[in-house]
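Each chain, written out:
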Amino acid sequence: MDVGLKNALDLLWAYEQAPPSGRGLAAVGALESRYRIQLPDDFRAYLLEAAPDKDWWHDQYYFVLWAPERIKSISDECGEPKPEEPLNPQIDNDRYLVFADFLDWCGYAYAICCSEGPDRGKVAMIGTRPHRLVAVSLASFFKLMTEDSMRLHSPGGDHYTDIT
């Protein structure tokens, strides 16, 4: 596992650690086969070594990290958008995998880009329209969680013009 991801997970789990699933290899194979994608290295490592055994609610930050079997594409999780809903053409609903939510889907969740393009490995906030990028990597996403960053809690839009 990458040092940055390990350090971010150590910060996240300083308060409470999720029991790892032990089913990561099967999950990686299933996701890559089902969606015909190759997972980003850090997300693959997370699934192999650290993803929780069952959906895990972090009592301090109120995020729910999903068990590997629950992870799916935005299209499979949310259905197809209605024609009148604003979309972000940068985010392909079939190439982003939803892996976490806030307060048990209290309006929004988070998906990682699994395309081969320039946004590979970036994390988007979904469930709000339009979807938008919030973190440059999985490690950054977990670090922002531990900082209770507003970058992860602004479904109505925010003043940030970059992602970290």
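Everything that follows concerns the structure shown earlier in this document.
Rules of the game
Residues numbered from 1 in each chain as written. Predicted model: local features only at pLDDT ≥ 70, side-chain atom pairs only at ≥ 80, totals over all residues. Heavy atoms only, no water. Core = buried A, V, L, I, M, F, W, Y, C linked by side-chain atoms within 4.5 Å. Buried < 20%, exposed > 50% of the residue type's maximum accessible area, 1.4 Å probe, protein only. Contact = heavy atoms within 4.5 Å. Salt bridge = Lys/Arg side-chain N within 4 Å of Asp/Glu carboxyl O. Helix = DSSP H or I, 4+ residues; strand = E, 2+ residues; numbered from the N terminus. Phe/Tyr/Trp six-rings, centres within 6.5 Å; stacked < 30°, edge-to-face > 60°. Lys NZ or Arg CZ within 6 Å of the ring centre and 35° of its normal. Axes fitted to C-alpha atoms, helices over the stretch in contact; angles between N-to-C directions. Parallel < 35°, antiparallel > 145°, perpendicular 65-115°, else oblique. Nonpolar A, V, L, I, M, F, W, Y, C, P; charged D, E, K, R; others polar.

*Asks:* Whenever I open this one, the nonpolar core confuses me. Can you help?
*Replies:* Proteins that are soluble and globular tend to have nonpolar side chains buried together. Formed by 53 residues in total, the largest nonpolar core has its most connected members in Phe 43, Tyr 46, Leu 97, Phe 99, Tyr 110, Phe 141 and Phe 142. Those residues within four positions of Tyr 46 in sequence are excluded, and the remaining contacts are Leu 5, Leu 9, Ala 51, Pro 52, Leu 65, Leu 138 and Phe 142.

*Asks:* Any chance you could explain the pattern of salt bridges here in plain terms?
*Replies:* Think of it this way: side chains of opposite charge can pair up when their charged atoms draw near. Tallied over the entire structure, the rule returns 10 salt bridges. A cluster of three or more residues bridged by salt bridges with shared partners is formed by Arg 23, Asp 53 and Glu 69.

*Asks:* Explain helix α3 (residues 41-49) here, please?
*Replies:* Each turn of an α-helix holds 3.6 residues, which means side chains three or four residues apart point in the same direction. Looking at α3, one finds that the buried residues are Asp 42, Phe 43, Ala 45, Tyr 46 and Leu 47. Residues of α3 that are buried sit in contact with α1 (3-12), α2 (24-35), β2 (63-65), β4 (96-102), β5 (109-113) and α5 (138-146).

*Asks:* Is there a simple way to think about unusual backbone geometry in this case?
*Replies:* Negative phi characterises most residues that are not glycine, and trans characterises most peptide bonds. The phi dihedral of Asp 104 falls on the positive side, at around 55°, and the residue is not glycine. Mapping Asp 104 onto the fold places it in the loop between β4 and β5. A positive phi angle, near 65°, is found at Trp 105, a position not held by glycine. Position of Trp 105 among the secondary structure elements: in the loop between β4 and β5.

*Asks:* Can you walk me through the packing of aromatic side chains in this structure?
*Replies:* Two descriptors summarise a pair of aromatic rings, namely the distance from one centre to the other and the angle between the planes of the rings. Per the counting criterion, the structure on display carries 12 aromatic pairs. Taking the centre distance of 5.3 Å and the plane angle of 70° together, the rings of Phe 63 and Phe 102 count as edge-to-face. Taken together, the positions of Phe 63 in strand β2 and Phe 102 in strand β4 put the pair 39 residues apart, joining distant regions of the chain. A residue is classified by how much of its surface remains accessible, and Phe 63, at 1% relative accessible area, is buried. Classification of Phe 102 by relative accessible area gives buried; the value is 12%. Between Phe 99 and Phe 141, the aromatic rings sit 5.4 Å apart at their centres with planes inclined by 80°, giving edge-to-face as the arrangement. Of this pair, Phe 99 sits in strand β4 while Phe 141 sits in helix α5; the two residues are 42 residues apart in sequence, bridging distant segments of the chain. Residue Phe 99 shares its accessibility class with Phe 141, and that shared class is buried. Grouping aromatic residues by their ring pairs yields a cluster made of Phe 43, Tyr 46, Phe 63, Phe 99, Phe 102, Tyr 108, Tyr 110, Phe 141 and Phe 142. Seen from the ring of Trp 66, Arg 70 lies directly overhead, with NZ or CZ sitting 3.8 Å from the centre.

*Asks:* Help me understand the packing of α2 against α3 in this model?
*Replies:* Relative orientation and spacing of two packed helices are given, respectively, by the angle between their axes and the distance between those axes. Viewed as axis vectors pointing N to C, α2 and α3 meet at an angle of 140°, and their least axial separation amounts to 7 Å. Considering their axes alone, α2 and α3 lie oblique with respect to each other. Across from Gly 24, Leu 25, Val 28, Leu 31 and Glu 32 in α2, the residues of α3 making contact are Arg 44, Leu 47 and Leu 48. Its residues assigned to classes, the contact of α2 with α3 shows 5 nonpolar, 1 polar and 2 charged.

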